[in-house]
Amino acid sequence: MDLSQALSFSAYAQRTVAARPEYRDAWETAPEKILDWNAVVTQPVATALADGDADGLAATLRRVRQHVMLHTMARDLTGIADLDEVCDNMGRLATDALIAAVTLHQAQLAETRGWPRDPAGAVQPFIIVGMGKLGGGELNVSSDIDLVFLYPEDGETDGSRPLSNHEFFVRLGQRVIAALDEATADGFVFRVDMRLRPYGESAPLAVSFDALEHYLTAQGRMWERYAWLKAQPLTDNHHDELQQLIVPFVYRKYLDFDAYEGLRDVREQIRAQGKARGYAHNIKLGSGGIRDIEFITQALQIVRGGRIPALQLRGTRAALRALGERALLPDAAVDELLAAYDFLRRVEHRLQYRDDLATQTLPEDETSRVALAHSMNFASPAAFQKALDTHRQCVVRRFETLLGYDALSSTLAAQTRPISSATGFSWDTPEAQELLRQTLAARSFADPETIADRIVRTRESKRYATLPERSRQRFDALTQQLIDIASTAATAGAVSLQAQSLFPLPPSPPAPLPQGERGVKRSAPSQERVHINLNCFRTESAVDTLFLRMFTLLETISRRSAYLALLSEHPQTLPTLARLLAASSWAADYLNRHPILLDELLSPQILLAEPDWLDWRDELTKILETHTGDTERQMDELRHFQHAQTFRLLAQDLAGQLTVERLADHLTALADLILEMTLTHCWRTWAPEDAPPPRFAIIGYGKLGSKEMSYGSDLDLVFLYEIGDDGDEAVAHEAVAHEAVAHYTRLAQRMNTWLTSTTSAGNLYTTDLRLRPDGSSGLLVSRWDAFVRYQREKAWTFEHQALTRARFIAGDHTLGAAFMRERAALLQQPRDLDALRRDIITMRERMSEGHPDTSALFDIKHSRGGMVDIEFIVQFLVLAHAHRFPTLTRNTGNVALLTAAATLGLITTAEAEAAIRAYRLYRRQQHAAQLQEADNATVAPSLAENERASALALWNKLLTRFAPLSPCGRGAGGEG
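Rules of the game
Residues numbered from 1 in each chain as written. Predicted model: local features only at pLDDT ≥ 70, side-chain atom pairs only at ≥ 80, totals over all residues. Heavy atoms only, no water. Helix = DSSP H or I, 4+ residues; strand = E, 2+ residues; numbered from the N terminus. Buried < 20%, exposed > 50% of the residue type's maximum accessible area, 1.4 Å probe, protein only. Contact = heavy atoms within 4.5 Å. Areas by Shrake-Rupley, 256 points an atom, 1.4 Å probe, with all protein chains shown as cover. pLDDT = per-residue confidence, 0-100. Pairing = 2+ DSSP bridges. Core = buried A, V, L, I, M, F, W, Y, C linked by side-chain atoms within 4.5 Å. Axes fitted to C-alpha atoms, helices over the stretch in contact; angles between N-to-C directions. Parallel < 35°, antiparallel > 145°, perpendicular 65-115°, else oblique. Nonpolar A, V, L, I, M, F, W, Y, C, P; charged D, E, K, R; others polar. Patch = residues over 30% accessible without salt bridge, like charges linked within 9 Å, V, L, I, M, F, W, Y side chains within 5 Å. Salt bridge = Lys/Arg side-chain N within 4 Å of Asp/Glu carboxyl O. Lys, Arg positive; Asp, Glu negative; His and termini not counted. Charge placed at Lys NZ, Arg CZ, Asp CG, Glu CD. Phe/Tyr/Trp six-rings, centres within 6.5 Å; stacked < 30°, edge-to-face > 60°. Expected span 1.5 Å × (residues − 1). Arc of directions from axis to C-beta. Polar contact = N/O pair within 3.5 Å; in protein donor to acceptor, adjacent residues only side chain to side chain.

### Some remarks on the overall build of the protein
And then number 1: Regarding its fold elements, the protein presents 41 helices and 14 strands.
And then number 2: The burial tally for the protein puts 56% of its 976 residues in the buried class.
And then number 3: Considering only residue pairs separated by 6 or more positions, the protein has 75% of its internal contacts joining residues 24 or more positions apart.
And then number 4: As displayed, the protein offers around 40,400 Å² of accessible surface, 50% of which is attributable to carbon and sulfur atoms.

### Considering the confidence of the model for the protein
And then number 1: Overall, the predicted model of the protein reaches an average pLDDT of 86, with 88% of residues at or above 70.
And then number 2: Across residues 726–736 the pLDDT falls below 50, and counting only partners more than four positions away or on other chains, this stretch makes 19 contacts in the model.
And then number 3: Scored below 50 in pLDDT, residues 962–976 makes 49 contacts in the model with residues more than four places away or belonging to other chains.

### A few points about the pairing of strand S3 (residues 144–151)
Put simply, side chains in a regular strand alternate between the two faces of the sheet.
And then number 1: In terms of residue burial, S3 counts as a mostly covered element, since 7 of its 8 residues are buried.
And then number 2: Sheet topology places strand S2 (residues 127–130) next to S3; 4 bridges connect them, and they run antiparallel. By the bridge assignment for S3, Gly 130 is matched with Leu 147.
And then number 3: The pairing of S3 with strand S5 (residues 191–193) spans 3 bridges and is parallel. Looking at S5, one finds that Ile 145 is bridged to Val 192.
And then number 4: Bridging between S3 and strand S6 (residues 206–208) involves 3 bridges; their strand directions are parallel. Across the sheet, residue Tyr 151 finds its bridge partner in S6, namely Ser 208.

### Some words on the environment of Ile 907
And then number 1: Along the chain, Ile 907 falls in the loop between helix H39 (894–903) and helix H40 (909–931).
And then number 2: Sequence spacing of Ile 907 and Leu 954 is 47 residues, and the spatial spacing of their C-alpha atoms is 8.4 Å.
And then number 3: Those residues in contact with Ile 907 that sit more than four places away from it in its chain are Leu 877, Leu 898, Ala 901, Ala 902, Ala 912, Leu 954, Lys 957 and Leu 958.

### Regarding the nonpolar core
And then number 1: Ranked by internal contacts, the top residues of the largest apolar core, which has 165 residues, are Trp 228, Phe 696 and Ile 698.
And then number 2: Counting 62 residues, the second largest nonpolar core, distinct from the first, contains Met 90, Leu 93, Leu 98 and Ile 128.

### Here's the deal with the packing of H39 against H40
And then number 1: Packing of H39 against H40 brings their axes to within 8 Å, and their N-to-C directions diverge by 170°. Regarding the angle of H39 to H40, the classification is roughly antiparallel. Here Asn 894, Val 895, Leu 898, Thr 899 and Ala 902 of H39 come into contact with H40, specifically with Thr 909, Ala 912, Ala 915, Ile 916, Tyr 919 and Arg 920.
And then number 2: Broken down by class, the residue content of the contact of H39 with H40 amounts to 7 nonpolar, 3 polar and 1 charged.

### So, the packing of helix H34 (residues 784–793) against helix H36 (residues 813–827)
The packing of two helices is summarised by the inter-axis angle and the distance between the axes.
And then number 1: H36 packs onto H34 with a crossing angle of 10° between their chain directions and a minimal axis gap of 11 Å. Comparing their axes, H36 and H34 come out roughly parallel. Each of Trp 784, Phe 787, Val 788, Gln 791 and Arg 792 in H34 lies in contact with H36, whose residues at this interface are Leu 815, Ala 818, Phe 819, Glu 822 and Leu 826.
And then number 2: The residue makeup of the contact of H34 with H36, split by class, is 7 nonpolar, 1 polar and 2 charged.

### Looking at the side chain of Ser 208
And then number 1: Mapped onto the elements of the fold, Ser 208 is located in strand S6.
And then number 2: Ser 208 gets classed as buried once you look at its relative accessible area, which sits at 4%.
And then number 3: When near neighbours in sequence (up to four residues on either side) are disregarded, Ser 208 contacts Tyr 151, Pro 152 and Asp 154.

### Comments concerning unusual backbone geometry
And then number 1: Of note, the phi angle at Tyr 199 is positive, near 70°, even though the residue is not glycine.
And then number 2: The partly exposed category is assigned to Tyr 199, whose relative accessible area is 45%.

### Considerations on a negative patch on the surface
And then number 1: There is a patch of like negative charges on the surface, built from Glu 153, Asp 154, Asp 210, Glu 213 and Glu 241.
And then number 2: Locating Glu 241 in the fold gives a position in helix H11 (residues 239–250).
And then number 3: On the accessibility criterion, Glu 241 (37% relative accessible area) is partly exposed.

### So, the packing of aromatic side chains
And then number 1: On inspection of all chains with the given rule, the structure shows 22 aromatic pairs.
And then number 2: The interplanar angle of 20° and the centroid separation of 5.7 Å between the aromatic rings of Phe 696 and Tyr 744 together place this pair among those described as stacked. Here the residue Phe 696 occupies a position in strand S8 (residues 696–701), and Tyr 744 occupies one in helix H33 (residues 737–756), the gap between them amounting to 48 residues.
And then number 3: Consider the rings of Phe 787 and Phe 819, whose centres lie 6.0 Å apart with planes at 50°: the pair is tilted.

### Re helix H37 (residues 833–850)
And then number 1: In this model H37 runs 26 Å from its N-terminal to its C-terminal C-alpha over 18 residues, within 8% of the 26 Å that 1.5 Å per residue would give.
And then number 2: Along H37, the residues that are buried comprise Leu 836, Ile 840, Ile 841, Met 843, Arg 844 and Ser 848. Looking straight down H37, one finds that the buried residues subtend no more than 160° of arc, so they occupy a single side. Seen from the buried face of H37, the exposed residues on the opposite side, beyond 90 degrees, are Arg 846, Glu 849 and Gly 850.

### Thoughts on the side chain of Gln 360
And then number 1: Mapped onto the secondary structure, Gln 360 falls in the loop between helix H15 (331–355) and helix H16 (366–375).
And then number 2: Among the residues examined, Gln 360 registers a relative accessible area of 12% and is labelled buried.
And then number 3: A polar side-chain atom of Gln 360 sits 3.1 Å from a polar atom in the side chain of Glu 348.
And then number 4: Residues in contact with Gln 360, not counting those within four places in the same chain, are Asn 140, His 281, Asn 282, Ile 283, Lys 284, Glu 348, Leu 351 and Gln 352.

### Topic: the pattern of salt bridges
And then number 1: Scanning the entire structure with this criterion turns up 46 salt bridges.
And then number 2: Between Glu 22 and Arg 20 there is a salt bridge whose closest N-O contact spans 3.4 Å.
And then number 3: Look at Glu 22 and you get partly exposed, because its relative accessible area is 47%.
And then number 4: In this structure, the salt-bridge partner of Arg 326 is Glu 325, at a minimum N-O distance of 3.5 Å.
And then number 5: For Arg 326, a relative accessible area of 22% translates into the label partly exposed.
And then number 6: The exposed category is assigned to Glu 325, whose relative accessible area is 65%.
And then number 7: One connected set of salt bridges, linked through shared partners, spans Glu 434, Arg 437, Glu 449 and Asp 453.

In structure tokens, the structure reads:
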């Protein structure tokens, strides 16, 4: 569309140019350049303010608005301006006009009444909050502006004829509204809508912060959370104080799936109004219109924005992109919604350009329909309508998917009928309870009496009685669905699971593992799959056990309406949940401790995607930096992150995607990341801003050091520090060694508190600090030179055994590299082999004494021929031969070291392969036992007979012979 066609399209433009011929040049030159804001807006408004005449300012603002409208319209209709330019121009104009009106009228009112002050004498500002599209930076060309007027504190003005602050700001608000809204010969600036203020149209025009807080806390409704999401203070200061009132109202601290139901209610009200008022042709309020896109976006923001501050955005398009970046909306959905939003907003502007009316309704007359189609670059109204319908249908589909209007909703309604409605009886009658028992028996429950009594007792409990009515309804409906799912799973054989059948999605390709120390890539894990065929439910109580695990979780979450809403709104998560709980009692316990993780079930693609730890490091860094200065929140966020990643790994583990070795790599990488972030932020919360990084290193031992962590593994840690020859800048130039000890001790204590404290978000890790020099009686932190002396002169053999599994984790890389060099040197020391054998045998006997077992079962870890013996064999090989073969000092894990020993001729290939097979089997059996929460991994001796024999044969060859094995599998130690 060229300029002449654009002018013909807009009756408003024609009238304005005719009334003010000087604007014709502005119209004709508009496509050549963006608006000169200073010349068109800033200077004329400043001149009017300097004159101090209210009528003059009103006239100037209206003429400025005409100029901005013409320029914007010309560039938009000729295809030069994009949606951002149009919205920015209108939003900037509204803000400048409001600031100008407040500046003039507040000064004039204060001349006669004085300045409003709080009881302490501080002048109180007038704060205008932009709501809706103004607040979101998406203002229409002929839109109303939704405003709320606020002031911080009550008090009175300091003039000779004082007013209360409330009355002062009400009068000021009235003058500001008139300055923009009143229609004069020059038209208006903006129509002003004040209905979003607390208590609506019947309420005072301006309210204090205290009044706003009371209203939001006591009276705020769900739809107002959506309204205040876009709230943007436009004038004066106190914005941070205001945000502290608004953000907790809009965004809950945890996931808020209750928001869906509230939004659905609002949407249904709009749909009902639409039927009555004929919204079918309204591109804003009609089905698939602009409001639906905003609802989709705001619903996801409100549900998750409290947990993800990066979603707390006012603009619709920015929020959509942020949702896509975090995979909370599929990429295709984001693209469709952004395209639809852009299309509908451009249509909306053309409808308003026509005659400067705040309309979103499509024209019915043919002439207007043809003009609209041409303004959107379509050859005909039919072609335009086809494109419009396509966009609106996409929006409808996405809206219904999100809010449960599709077939999923029908499934939910069918599957979650309360037992009372299914049987026709009340829950509370003996007849209904008997029918419940009969129903359970018919659905393959082995002990329907016990299950029915559990359900009835729960419903008769005080806990249930105190739930809100909606929560009780959801609880009853979900109980019925859990019965159906447990019964169906048992009938279909789904509870006698192989782990790899948990999820229907194919496994994702492995993500690159993090780099090891000194930039060396970790060795690739074995491709051997862990097929844990969990037959623990191949019993007559399979369905009972599964139901009880799910019902226990339901009881756990019953007081959190958001979790009940999550399962009710997303019934597709329940079968996946059932499979997880059927496969592992540890998974059931983990979810009961951390029910917030139910949210992870909503996105199977993310749940089953192996982590890219570089990406997750970036994400965790952003999360923690968002809460800089809030230690409690940072500690919670570390826990949320660690729990979520552990749960994802658990799901991948149970789905058969991970070997035990690869799972351990990921769990270790997760611990490494948590330790790195904990050190970084503990230091920042304590050290001066200009302090250099601490000369401090975290050393990992045990399973952490050897990268063999499992679920719930402790962190064996040693803390090192160093002082330079010229004094240590990192300790604020403290020159005395004992001051450095105190300094770094406090840092280590703070770190340990962050790692081990139980917060509202739960636990993180248990730490074990006893491997430091002199054990529990030694200093919490070790100065580097003292650590070296201790290891060379005082350390016991078992401490050098521990060093074989030690590595630098986080902190000062120079100090970390020094540790790795010293570790290698210590391990390469020549040793008396007989003395080494005696020391290792003595330590092994002490471990046996610490784990007495008189059972007839084989303890996979502690019995003779078990995991500990293989680990001691590897440590012996390293300490005995590293002085000749330095490659043995590499911390590559027991399997790799056994292979290296065979390559070096220290043991035969057959011996190495047998020991490796045994060790891998033991790890798998131990892992399977952990998934079922067994205290110890024990099996019948016959099930590990060959593995035990190979491990003992290698021990006997390298160290000494044990006495004959006892029936329990332990055997007495001693030299033969």
